[in-house]
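What follows is the residue order along each chain.
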Amino acid sequence: MVNTVRYLIIHHTGGTEKNPLADTSHHTLEIIHEYHRSLGWGKVGYHYVIEKDGKLRQGRLDTEQGSHCNQQENGISMNLQSLGIVIAGNFDFSFPTQAQEATLKKLLQEKLKQYNLSPSKILPHRHWAPKTCYGRKLSEDWARNLVISTPVQSEVQIQLNQCVVDKIILEKKVLWYNSLLESIKSLIR
Ligand SMILES: [Zn+2]
């Protein structure tokens, strides 16, 4: 069946079955591919893998059915209406590298444009599944925030800019009053 991209679902590689605390940041497309084959999925279940050094690897074509989120919405499996993007690492305990963040940002910008989607369609796996995926350390809108400037930040930035402008105006006023004071003093003498 053909995959229709309505959502961008973000995953982490997480821990291992034996050890949920395991660091899996070294996981590559090949390692995930072998693991998913051992589960009987034929091939890597994600469309994209972002490795530790930020390298982007394609696991499946966008039009191919994924194997990364089998929950349903409107009676359709998420595997048939999303792209599965995985970031190598266990973000229950650590954070993605800057290189991974930069790659994800670029990929998300590209896919939003390509499929004409709103950033609200970027969601962590846990939005559907009873898991922590993409990791406890990352907030619900962490991935989404990579492609939008958050209102909180821009509000702070606006206020900061206004403060800088106010300071410049105030300094000019002080200079003007000082020169006025000087000329009054010279008149009195
Ligand atoms: Zn996941």
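The shown structure was predicted, so the numbers you read here are calculated from the model rather than taken from an experiment.

Parameters and conventions
- Residues numbered from 1 in each chain as written.
- Predicted model: local features only at pLDDT ≥ 70, side-chain atom pairs only at ≥ 80, totals over all residues.
- Helix = DSSP H or I, 4+ residues; strand = E, 2+ residues; numbered from the N terminus.
- Rg over C-alpha atoms; globule rule 2.2 N^0.38 Å.
- Buried ≥ 20, exposed ≤ 12 C-beta atoms within 10 Å, placed from the backbone.
- Contact = placed C-beta atoms within 7 Å.
- Pairing = 2+ DSSP bridges.
- Axes fitted to C-alpha atoms, helices over the stretch in contact; angles between N-to-C directions.
- Domains from an automatic or database assignment.
- Core = buried A, V, L, I, M, F, W, Y, C linked by C-beta atoms within 7 Å.
- Expected span 1.5 Å × (residues − 1).

Here we look at the overall build of the chain
Then step 1. Check the secondary structure of the chain and you find four helices and seven strands.
Then step 2. Taken over the C-alpha trace, the chain has a radius of gyration of 25 Å; the compact-globule value for 189 residues is 16 Å, which it surpasses by more than 25%.
Then step 3. C-alpha atoms of the chain, sized along the principal axes, occupy 100 × 35 × 30 Å.
Then step 4. The burial tally for the chain puts 28% of its 189 residues in the buried class.
Then step 5. The contacts of the chain with a sequence gap of at least 6 include a subset with a gap of at least 24, amounting to 66%.

Overview of the pairing of strand β1 (residues 7-12)
Then step 1. A large share of β1 lies buried, amounting to six of its six residues.
Then step 2. With six bridges joining them, β1 and strand β6 (residues 82-87) adopt parallel strand pairing. In the strand pairing of β6, leucine 8 is matched with leucine 83.
Then step 3. Where β1 meets strand β7 (residues 122-124), three bridges bridge the pair, whose relative direction is parallel. Counterpart to isoleucine 9 in the pairing with β7 is leucine 123.

Brief notes about the sheet that holds β6
Then step 1. Ordered by their spatial adjacency, five strands build an open sheet running β3-β2-β6-β1-β7, and the pairing between neighbours is mixed. Lying at the two open borders of the sheet, with one neighbouring strand each, are β3 (56-58) and β7. Direction aside, the axes of adjacent strands within the sheet are offset by 25 degrees on average.

Let's talk about the domain arrangement of the chain
Then step 1. Taken as a whole, the chain is organised into domain 1 (7-145) and domain 2 (149-189).
Then step 2. A C-alpha centroid distance of 50 Å is found between domain 1 and domain 2.

Regarding the pairing of β6
Then step 1. Along β6, six of the six residues are buried, which leaves the element largely enclosed by surrounding structure.
Then step 2. Neither face of β6 is open: one carries Ser82, Gly84 and Val86, the other Leu83, Ile85 and Ile87, and all of them are buried.
Then step 3. Inspection of the sheet shows strand β2 (residues 48-50) paired to β6 by three bridges, in the parallel sense. Along β6, the bridge assignment pairs isoleucine 50 with isoleucine 87.

Concerning the nonpolar core
Then step 1. Counting 27 residues, the largest nonpolar core has Leu8, Ile9, Ile10, Tyr46, Val49, Ile85 and Ile87 as its most contacted members.
Then step 2. Sorting the residues of this core by element identifies β1, α1 (29-38), β2, β6, α2 (98-115) and β7 as the ones contributing at least two each.

Quick word on α2
Since the α-helix packs 3.6 residues into each turn, any two residues three or four apart lie on the same face.
Then step 1. The terminal C-alpha atoms of α2 lie 26 Å apart, and with 18 residues this matches the ideal 26 Å at 1.5 Å per residue to within 8%.
Then step 2. Close packing links the buried residues of α2 with β1, β2, β3, β6, β7 and α3 (142-145).
Then step 3. Note on α2: the residue one or two positions beyond its end, asparagine 116, has a positive phi of about 55 degrees.

Structural notes on unusual backbone geometry
Then step 1. Residue cysteine 133 is joined to tyrosine 134 through a cis peptide bond whose omega torsion reads 10 degrees.
Then step 2. Along the chain, tyrosine 134 falls in the loop between β7 and α3.
Then step 3. The phi dihedral of asparagine 74 falls on the positive side, at around 55 degrees, and the residue is not glycine.
Then step 4. The topology assignment puts asparagine 74 in the loop between β4 (72-73) and β5 (76-77).
Then step 5. What makes asparagine 74 exposed here is the crowd of 6 C-beta atoms within 10 Å.
Then step 6. The backbone phi angle of asparagine 116 is positive, close to 55 degrees, even though this residue is not glycine.
Then step 7. With respect to the secondary-structure elements, asparagine 116 resides in the loop between α2 and β7.

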